[in-house]
Amino acid sequence: MIELNLKVNGVKDKYEICNDWSEATVEQFMKFSAIDFKAKTEIETLVDVISAFSSISPDELLLIPAKKFMKIIDAMEFTKSKLPEVEKDSIIINDEEYFLKKDFKDLNTGEMISINMIIEQGDDNLNRVIDKLLCIFLRKKVDGEIEVFTNDMMSRCDMFKKVKITEVYEMFIFFSNIKITSEVNIKVSSRAEKRKKGDSK
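All residue numbers refer to positions counted from 1 along the written sequence of the respective chain. Residues qualify for local features only when their pLDDT is at least 70, as the model is predicted, and side-chain atom pairs are given and counted only at 80 or more; totals for whole chains, interfaces and linings, by contrast, use all residues. Water and hydrogen atoms play no part in the side-chain values, which are based on all heavy atoms of the structure.

A few points about the nonpolar core
Alright, step 1. Core analysis: the biggest nonpolar cluster contains 56 residues, and Trp-21, Phe-53, Phe-137, Leu-138, Ile-165 and Val-168 have the highest contact counts within it.
Alright, step 2. What makes two residues a contact is simply this: any of their non-hydrogen atoms within 4.5 Å. Every residue in contact with Trp-21, bar those within four places of it in the chain, is listed here: Phe-29, Phe-32, Phe-53, Phe-78, Thr-79, Ser-81, Lys-82, Leu-83, Pro-84, Ile-165 and Thr-166. Joining through side-chain atoms within 4.5 Å is the link that ties buried Ala, Val, Leu, Ile, Met, Phe, Trp, Tyr and Cys residues into a set, and such a set is a nonpolar core. Each residue is placed in one exposure class: buried if its accessible area under a 1.4 Å probe, protein chains only, is under 20% of its type's maximum, exposed if it is over 50%, and partly exposed if it falls in between.

Encoded structure:
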């Protein structure tokens, strides 16, 4: 982490800025994924990127001296590298273990509705809704079995937002690449799959 002392309107504050994927949370990665890199100038985009990986608002970043801002930009080089995929089947949060659900052949109605709704909210970019998808495919075990999905599980979103993205990214990739089928033929595809299909047309 990089520490930044910033004075805004006479008030000094200390901020932390990520400079490695291992330091970024799920929430920060979601904010980064929501940035439209084509809609703004390069410098405006960099402001949004830095804001995503810190607690500094874009407006506050505009008040930083240019020389200091350029140094912060150097710390964002990690965003150009591939996010590491650490193979896991579970994760421990607050002393409780959540396991990767791998079988989605038989969905209950709650799963079906929630998955469809989340995909629509992501607007074809599942990275923007990772927190909600984690509620679907990371679950506790009850008597040795993966717990059955209920809508109450969606309340875990805030908990998952605080997890480091490197802790769950590989499991997210696994989930986003599987084909989920039910009576209504629900399908979840990664952006890579969609690009591949587009190229084959």
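Additional details are given in the paragraphs that follow.
Remarks on the sheet that holds strand E3 (residues 90–93)
Alright, step 1. Strands are treated as partners if at least two bridges between them are detected by DSSP. Here a helix means four or more residues in a row that DSSP labels H or I, a strand means two or more in a row labelled E, and each is numbered from the N terminus. Across the sheet, which stays open at both edges, the three strands sit in the order E3-E4-E5 with antiparallel pairing between neighbours. What marks the edges here is a single partner per strand, and that holds for E3 and strand E5 (138–139).
Alright, step 2. Relative to E5, strand E4 (residues 96–100) is paired through two bridges, and the arrangement is antiparallel. Note on E5: the bridge partner recorded for Phe-99 is Arg-139.
Alright, step 3. Lines fitted to the C-alpha atoms define the axes, with helices restricted to the stretch that makes contact. Angles between their N-to-C directions range from 0 to 180 degrees. The sheet contacts of helix H8 (residues 165–177) involve E3, E4 and E5, and relative to E3 the element is tilted by about 140°.

Quick word on the packing of helix H5 (residues 109–122) against helix H6 (residues 130–137)
Alright, step 1. The interhelical angle for the contact between H5 and H6, taken along N-to-C directions, is 165°, at an axis separation of 10 Å. Of the possible angle classes, the one that applies to H5 and H6 is roughly antiparallel. Helix-helix and strand crossings are classified by hand; for H5 and H6 the assignment is left-handed. Of the residues in H6, those touching H5 at Ser-114, Ile-115, Ile-118 and Gln-121 are Lys-132, Leu-133 and Ile-136. Should an angle lie under 35 degrees it is considered roughly parallel, over 145 roughly antiparallel, and from 65 to 115 roughly perpendicular; all remaining angles are considered oblique. Each crossing gets its hand from how the near helix is turned against the far one by less than a right angle, where anticlockwise is left-handed and clockwise is right-handed.

Description of unusual backbone geometry
Alright, step 1. Of note, the phi angle at Asn-94 is positive, near 50°, even though the residue is not glycine.
Alright, step 2. Relative to the helices and strands, Asn-94 is located in the loop between E3 and E4.
Alright, step 3. Backbone geometry places Asp-95, a non-glycine residue, at a positive phi of 70°.
Alright, step 4. On the secondary structure map, Asp-95 appears in the loop between E3 and E4.
Alright, step 5. Asp-95 gets classed as exposed once you look at its relative accessible area, which sits at 78%.

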